[in-house]
Amino acid sequence: EDHCGSCGDVCDPSNASGQCSDGSCDIVSCNSGYEDCNASVTDGCEVNTQTDEANCGSCGDVCDPNNATGACSSGTCTVGSCDSPYSDCNGSPADGCEVSLATSISNCGACGVTCTNSHGSTACSGGTCAPSCDALWGSCDGNVNNGCETALNSLTNCGSCGSVCSLANAAESCSSGTCTLTSCNSGYANCDSVDSNGCEVNLNTNTSNCGACGNSC
């Protein structure tokens with residue numbers, strides 16, 4: 001092997017065991033973790049298949065995971081970094097960064113963040129849950145992930161979030177999503193027929209409406 005083909009031509013291929021046969025240097029075997037991918041004895045077993053992303057584990061096995069930059073570690077292709085806005089939510093390099101955090105309802109903005117909405121529909125837009133509410137429902141708690149959680153036909157949220165239904169000297173209702181007067185307290189009346197100001201007249205003291213609306217003293 002020290003004089004293979006001519007004096008001084010040593011048969012010692014890189015990262016390999018060599019053998020001189022009929023005056024030609026041949027590769028007998030590659031060192032562990034290396035392969036001769038270009039079939040040339042000149043540079044021996046030139047590829048480190050433990051780290052080479054173009055030959056990861058064996059010649060020709062390209063480490064190019066979907067939507068990601070790959071990394072070849074110990075001959076195994078792994079996800080190095082994901083392209084924005086993708087993420088490897090299942091932890092498998094086989095399908096790379098398989099989830100778009102910008103549009104996935106079950107991984108919206110981050111892996112495992114689920115958009116739900118029991119009272120309407122929902123979508124993931126730009127990594128943020130975007131609920132669309134059914135009639136008389138609203139997203140009032142500031143958390144878009146749980147959708148439209150609040151009924152808008154209650155006295156504390158009447159027609160919209162935080163809109164209180166409270167009428168002067170009266171009992172009120174918001175069953176339809178609109179604050180309506182149901183009855184006046186004793187001694188009071190809604191003489192102007194406007195619900196929003198409640199039962200505005202004290203029938204015991206108002207000289208224009210004494211005991212009843214329109215009854216002047």
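Our subject is the structure that appears above.
Residues numbered from 1 in each chain as written. Predicted model: local features only at pLDDT ≥ 70, side-chain atom pairs only at ≥ 80, totals over all residues. Heavy atoms only, no water.

(A) Focus on the overall build of the chain. The number of helices and strands found in the chain is 0 helices and 16 strands. Taken against the 2.2 N^0.38 rule, which gives 17 Å for 217 residues, the C-alpha radius of gyration of the chain at 39 Å runs more than 25% over that of a compact globule. Here the C-alpha coordinates of the chain stretch approximately 135 × 20 × 20 Å along the principal axes. Put simply, the chain has 217 residues, and 24% of those count as buried. Considering only intrachain contacts with a sequence separation of at least 6, the fraction spanning at least 24 residues in the chain is 12%. Of the accessible surface of the chain, which amounts to about 11500 Å², a share of 44% is contributed by carbon and sulfur atoms. (Helix = DSSP H or I, 4+ residues; strand = E, 2+ residues; numbered from the N terminus. Rg over C-alpha atoms; globule rule 2.2 N^0.38 Å. Buried < 20%, exposed > 50% of the residue type's maximum accessible area, 1.4 Å probe, protein only. Contact = heavy atoms within 4.5 Å. Areas by Shrake-Rupley, 256 points an atom, 1.4 Å probe, with all protein chains shown as cover.)

(B) The arrangement of the state of the cysteines in detail. Tallied over the full model, the rule gives 16 disulfides. Sulfur-sulfur distance for the disulfide between Cys-133 and Cys-148 comes to 1.9 Å. The chirality of the disulfide connecting Cys-133 with Cys-148 is left-handed, given an S-S dihedral of about -85 degrees. In this pair, Cys-133 is assigned in strand 10 (residues 128-133) and Cys-148 in the loop between strand 11 (137-138) and strand 12 (150-151), connecting sequence segments 15 residues apart. Overall, Cys-133 belongs to the partly exposed group, its relative accessible area being 34%. Residue classification places Cys-148 among the buried residues on the basis of a relative accessible area of 1%. At a sulfur-sulfur separation of 2.0 Å, the disulfide partner of Cys-165 is Cys-179. Given an S-S torsion of about 75 degrees, the disulfide between Cys-165 and Cys-179 has right-handed geometry. (Disulfide = S-S within 2.5 Å.)

(C) Looking closely at unusual backbone geometry. The omega angle of the peptide bond from Ser-84 to Pro-85 is 5 degrees, so this bond is cis rather than trans. Position of Pro-85 among the secondary structure elements: in the loop between strand 6 (76-82) and strand 7 (86-87). A positive phi is found at Asp-22, a non-glycine position, where the angle reads about 55 degrees. Locating Asp-22 in the fold gives a position in the loop between strand 1 (16-21) and strand 2 (24-30). In this structure, Ser-193 is a non-glycine residue whose phi angle is positive, near 60 degrees. Inspection of the secondary structure assignment puts Ser-193 in the loop between strand 15 (188-189) and strand 16 (201-202).

(D) Looking closely at the environment of Leu-152. Among the secondary structure elements, Leu-152 is positioned in the loop between strand 12 and strand 13 (170-173). Between the C-alpha atom of Leu-152 and that of Thr-178, which follows or precedes it by 26 residues, the distance is 9.1 Å.

(E) A look at the environment of Ile-105. Positionally, Ile-105 belongs in the loop between strand 8 (99-100) and strand 9 (120-125). Note on Ile-105: relative accessible area 38%, which makes it partly exposed. When neighbours within four sequence positions are excluded, Ile-105 is seen to be in contact with Val-113, Thr-114, Cys-115, Thr-122, Ala-123 and Cys-124.

(F) Examining the pairing of strand 5 (residues 68-73) more closely. Of the two faces of strand 5, the one lined by Ala-68, Gly-70 and Cys-72 is fully buried and the one lined by Thr-69, Ala-71 and Ser-73 carries no buried residue. As paired elements, strand 5 and strand 6 share 6 bridges and run antiparallel to each other. Paired with Gly-70 across the bridge in strand 6 is Val-79. Connecting the antiparallel pair strand 5 and strand 6 is a turn made up of 2 residues, with Ser-74 showing a positive phi of about 55 degrees. (Pairing = 2+ DSSP bridges.)

(G) Broad picture of the pairing of strand 10. In this structure, strand 9 lies alongside strand 10, joined through 6 bridges in antiparallel fashion. The partner of Thr-122 across the bridge, within strand 10, is Pro-131. Connecting strand 9 to the next strand, strand 10, in antiparallel fashion are 2 residues, including Gly-126 with a positive phi near 60 degrees.

(H) Seen up close, the side chain of Thr-150. In this fold, Thr-150 is placed in strand 12. Look at Thr-150 and you get buried, because its relative accessible area is 16%. Only 2.7 Å separates the side chain of Thr-150 from the side chain of Glu-149, close enough to count as a polar contact. (Polar contact = N/O pair within 3.5 Å; in protein donor to acceptor, adjacent residues only side chain to side chain.)

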